[in-house]
Amino acid sequence: MVSAEARPHRDVVSFVRRSARMNPSQQRAWRDHRDTYLVDILRDSMSTSVAPQVPLDWSAIFARTAPLIAEIGAGNGDSLVATAAAHPDMDIVGFEVFEPSIASTVGKLAAQGLTNARVVLADGVQGLRHLVQPASLDAVHAFFPDPWHKSRHHKRRLISPETCVLIADRLRPGGLFRVATDWEDYALAMRDVLDASPLTAMYDGWAPRFDERPMTKYEARGIAAGRAVYDLCYRR
Ligand SMILES: C[S@@+](CC[C@H](N)C(=O)[O-])C[C@H]1O[C@@H](n2cnc3c(N)ncnc32)[C@H](O)[C@@H]1O
C-alpha cells in the first residue's frame, strides 16, 4: 500500500481521464504529424500534468517572434485551426488533455500546411503556470469549457478565481481573455468570477459572439437544445 506521503498530490482538475482510443484517421495524423506540432514538455506524475520548469521559449519553438495566443481545452482543434489560418502573423498554442483530439487537431493543421500553431498534451492551467512567461500572451481562449453541472463539482470548473488570476498574469497589458459557453448558470458564474478578477470587462453585459470562433459541435448542440450562447471578453 502507498502511504499518504508517497502518493502523488492531485490538483482538482477540470477534466476526467478518458480512454484514448484513436480512429484510423487520428492514428495516421498522430503518426505523420505529431513531431511537427506537438511540443514536448517535462511532466509531473500524471500524463497530463506539467512539471515546474523554466517557461518554454516560444520564439524558439516558432522560429520567430510574434504575438502569442493560448487556447485551453482546444478539443478537436476547430477554433485553433481557424485562428491560425486567419492570423498568419500570430502564433497559437492549444492545450488539450485528450490525445485523440490532439491527433485530430494536428491532422487539420497539416492539411492546411499551417506553421503558426502548436499543441501541448497537458492541463492548460498547469501549462500556463509552468510553460508561459508572465505578460507574454496576446489572448487566451477557452471555448465551451466543460460545465460541471453538479454543485459538488463546481470546484472543477475551469473558470475559477485562481485560473482568472493566472490568466490575468500571463496576458500582456491589453491582452484579451475570451470565453464562450452555452450553459447560462456557468456563464453567470463566470461573469461573477471575472468581474471580481484583476481583468476588466470589455462590454457591459455579454460580449458579442466572437466572429472568428467557428461553430463547433458543442455550440451547435446547445443551440439545437434551445440554449443561448454566451460570449465573455475581458482585458488585462
Ligand atoms: C466541451 S469540450 C470543448 C472543446 C472545444 N473548445 C470546442 O469548443 O469544440 C472541452 C474540452 O476541454 C478539454 N479540457 C478540459 N479541461 C482541460 C484543461 N484543464 N486543460 C486542457 N484541456 C482541457 C476537454 O478534454 C475537452 O476536449
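Everything in this summary refers to the structure shown in the same document. (Residues numbered from 1 in each chain as written. Predicted model: local features only at pLDDT ≥ 70, side-chain atom pairs only at ≥ 80, totals over all residues. Heavy atoms only, no water.)

With their axes 9 Å apart at the nearest point, helix 3 (residues 78-86) and helix 4 (residues 99-111) run at an angle of 25° to one another. On the basis of their axis angle, the class for helix 3 and helix 4 is roughly parallel. In this structure, helix 3 meets helix 4 at a crossing whose hand is right-handed. Here Asp78, Leu80 and Val81 of helix 3 come into contact with helix 4, specifically with Thr105, Lys108 and Leu109. Grouping the constituent residues of the contact of helix 3 with helix 4 by class yields three nonpolar, one polar and two charged. (Axes fitted to C-alpha atoms, helices over the stretch in contact; angles between N-to-C directions. Helix = DSSP H or I, 4+ residues; strand = E, 2+ residues; numbered from the N terminus. Parallel < 35°, antiparallel > 145°, perpendicular 65-115°, else oblique. Left-handed = near helix turned anticlockwise from the far one by under 90°. Contact = heavy atoms within 4.5 Å. Nonpolar A, V, L, I, M, F, W, Y, C, P; charged D, E, K, R; others polar.)

Close contacts around the ligand come from 17 residues, with Ser14, Gly73, Glu96, Gly124 and Phe143 the closest. The side chain of Glu96 places a nitrogen or oxygen atom 2.6 Å from an oxygen atom of the ligand. The contact in question runs from a nitrogen atom of the ligand to an N or O atom on the side chain of Asp123, over 2.9 Å. Its free accessible area being 600 Å², the ligand has 94% of it covered by the protein chains. Along the lines of polarity and charge, the residues of the shell around the ligand split into eight nonpolar, five polar and four charged. (Near = heavy atom within 4 Å. Polar contact = N/O pair within 3.5 Å; in protein donor to acceptor, adjacent residues only side chain to side chain. Areas by Shrake-Rupley, 256 points an atom, 1.4 Å probe, with all protein chains shown as cover.)

Moving on, we get to the packing of aromatic side chains. For the coordinates displayed, the defined rule picks out three aromatic pairs. Taking the centre distance of 6.2 Å and the plane angle of 40° together, the rings of Phe143 and Phe210 count as tilted. Note that Phe143 is positioned in strand 4 (residues 137-143) and Phe210 in the loop between strand 6 (200-201) and helix 8 (217-224), a separation of 67 residues in sequence. Both residues of the pair, Phe143 and Phe210, count as buried. The ring of Phe143 is capped by Arg213, whose NZ or CZ atom sits 5.8 Å from the centre of that ring. Over the ring of Trp183 we find Arg227; its NZ or CZ atom is 3.7 Å from the centre of that ring. (Phe/Tyr/Trp six-rings, centres within 6.5 Å; stacked < 30°, edge-to-face > 60°. Buried < 20%, exposed > 50% of the residue type's maximum accessible area, 1.4 Å probe, protein only. Lys NZ or Arg CZ within 6 Å of the ring centre and 35° of its normal.)

A few words now on the pattern of salt bridges. Counted under the stated rule, the structure contains ten salt bridges. Arg31 serves as the salt-bridge partner of Asp32, at 2.9 Å between the closest nitrogen and oxygen. Here Glu219 makes a salt bridge to Arg209, at a shortest N to O gap of 2.7 Å. On the criterion of sequence distance, the pair formed by Glu219 in helix 8 and Arg209 in the loop between strand 6 and helix 8 is long-range, its members being ten residues apart. Using a relative accessible area of 36% as the deciding quantity, one classes Arg209 as partly exposed. The structure contains a network of salt bridges with shared partners spanning Arg209, Arg213, Glu219 and Asp231. (Salt bridge = Lys/Arg side-chain N within 4 Å of Asp/Glu carboxyl O.)

Bringing the nonpolar core into the picture now. Core analysis: the largest hydrophobic core is formed by 36 residues, its most contacted members being Trp58, Val120, Leu128, Leu131, Ile159, Phe177 and Leu194. Of all hydrophobic cores here, the second largest spans 20 residues; its members include Ala29, Ala84, Val106 and Ala117. (Core = buried A, V, L, I, M, F, W, Y, C linked by side-chain atoms within 4.5 Å.)

Spatially, seven strands are ordered 3-2-1-4-5-7-6 in an open sheet, and the strand pairing comes out mixed. In the strand order of this sheet, the two ends are held by strand 3 (117-121) and strand 6, each with one partner. Pairing between strand 1 (residues 68-72) and strand 4: three bridges, direction parallel. The partner of Glu71 across the bridge, within strand 4, is His141. Helix 6 (residues 161-170) rests against strand 4 and strand 5 (171-181) of the sheet, and its axis sits at about 140° to strand 5. Strands in contact with helix 7 (residues 184-195) are strand 5, strand 6 and strand 7 (230-235); relative to strand 7, the strand with the most contacts, it is inclined by about 10°. (Pairing = 2+ DSSP bridges.)

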